[in-house]
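Commentary on secondary and tertiary structure
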Amino acid sequence: MKIPTPLIDLINLDIIEDIIVSDRLHLIDLGITKKLIKGWIDGKTGSTKLNPSDKKDISRSIQELALPSEINRKLRSIKYLEFWKGSEFRTFLHYGSIVVLQGKIDDAAYNHFLKFFCAVSIFSSHVYEHHWEFGNELLQQFVAEFGTVYKDSLISSNVHNLLHVYDEVCRFGPLDSISTYPYENNLQRLKRLHRTGNKSLEQLVNRLAEIDKVQIDPHSEEREYPSITTTGMSIKIYAQQLERKRLKQTHIPSVTLERSNASKMIDDNSKSQAKAVTNNSNDKIRETKYV
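Treat the numbers as computed from the prediction; the structure is a model and nothing was measured.

**A word on the nonpolar core**
Core analysis: the biggest nonpolar cluster contains 43 residues, and Trp40, Trp84, Leu101, Phe116 and Leu162 have the highest contact counts within it. Elements represented by at least two residues in this core include exactly α1 (24-42), α2 (52-63), α3 (86-100), α4 (107-122), α5 (132-149) and α7 (165-172).

**Structural notes on the packing of aromatic side chains**
Within the structure shown, the criterion is met by nine aromatic pairs. Taking the centre distance of 6.1 Å and the plane angle of 55 degrees together, the rings of Trp84 and Phe92 count as tilted. Take Trp84: its relative accessible area is 5%, and that puts it in the buried class. Its relative accessible area of 2% is what places Phe92 among the buried residues. Three or more aromatic residues joined by ring pairs form one cluster here, namely Trp40, Phe113, Phe116, Phe142, Phe146 and Tyr150.

**As for the packing of α4 against α5**
Where α4 meets α5, the closest approach of the two axes is 8 Å, and the angle between their N-to-C directions is 150 degrees. Compared by their axis directions, α4 and α5 come out roughly antiparallel. The crossing of α4 and α5 is left-handed. Here α4 contributes Ala108, Ala109, His112, Lys115, Phe116, Cys118, Ala119 and Ile122 to the contact with α5, which in turn contributes Trp132, Phe134, Gly135, Leu138, Leu139, Gln141, Phe142, Glu145, Phe146 and Val149. Its residues assigned to classes, the contact of α4 with α5 comprises 13 nonpolar, three polar and two charged.

**Looking at the confidence of the model for the chain**
Scored by pLDDT, the chain has a mean of 80; 76% of the residues are at 70 or more. Per-residue pLDDT stays below 50 along residues 242-257; that stretch engages in 44 contacts with residues further than four places along the chain or on separate chains.

**A few points about helix α9 (residues 200-212)**
Taking 1.5 Å per residue as the helical rise, α9 with its 13 residues ought to reach 18 Å, and the 18 Å between its terminal C-alpha atoms agrees with that figure. Every buried residue of α9 is accounted for by Gln203, Leu204, Arg207 and Ile211. The arc that holds the buried residues of α9, viewed along the axis, is 100 degrees, so those residues lie on one side. Residues of α9 that are exposed and point more than 90 degrees away from the buried face comprise Leu201 and Asp212.

Parameters at a glance
Residues numbered from 1 in each chain as written. Predicted model: local features only at pLDDT ≥ 70, side-chain atom pairs only at ≥ 80, totals over all residues. Heavy atoms only, no water. Core = buried A, V, L, I, M, F, W, Y, C linked by side-chain atoms within 4.5 Å. Buried < 20%, exposed > 50% of the residue type's maximum accessible area, 1.4 Å probe, protein only. Helix = DSSP H or I, 4+ residues; strand = E, 2+ residues; numbered from the N terminus. Phe/Tyr/Trp six-rings, centres within 6.5 Å; stacked < 30°, edge-to-face > 60°. Axes fitted to C-alpha atoms, helices over the stretch in contact; angles between N-to-C directions. Parallel < 35°, antiparallel > 145°, perpendicular 65-115°, else oblique. Left-handed = near helix turned anticlockwise from the far one by under 90°. Contact = heavy atoms within 4.5 Å. Nonpolar A, V, L, I, M, F, W, Y, C, P; charged D, E, K, R; others polar. pLDDT = per-residue confidence, 0-100. Expected span 1.5 Å × (residues − 1). Arc of directions from axis to C-beta.

This is how it looks when you write it as structure tokens:
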């Protein structure tokens, strides 16, 4: 038996207007961009199909692209398209698509794709805010012509949701500011906090609470050893260094742990201990073990 979602009871939340559908990752990159590329490769769009020679040319061209330094993931051959990440589709759309596709797909499909490319580029930054109305016109034309350039059966909910991009961008900000990319990038860290597959939410809450308890000032001049400092999602453990005829305290980062492993080193009933095994001939540390 279906029951109404409790979200409708939240104050100041309009479940229609306040739930964003213009997510850059799933609507644009893993949605429309992936749909079009796959259609051109397997010919299911009904308008054009890339031949083996064109596929090789496109793969070679995108792999040889000189990308900006902020792009961490290089493009792979389109034969690995099923394994592409969302960021690869984004890179392809903005940095390679209009160059490598020209002459490879028919003119109607290419000109239709140009409207999508320009609209997404316009909606991706406040810099082009004065062109957002024009971007809306391009998306309106793209959706209206989709069934003509391709098959009517290919018009999906993602294609329809493009009609809402302009309103949501005007209300919430450019596409990159309302995407789920930051959440997806942090999801792997949350996964590492799990110890078992049971009670996942409770585990996350407990691990994050443990991490929040580690509040040691990394800038303190006087440090007790062994000690712990936190930087972002990592934890550093420091130990003493023994020198001949005297004990000198120095800041030696002995080991760096991801926060996901911090709970294995720290709990309420035991503390991390450092054990130095020294060489009798020169009194210098040979090995540092952590229990």
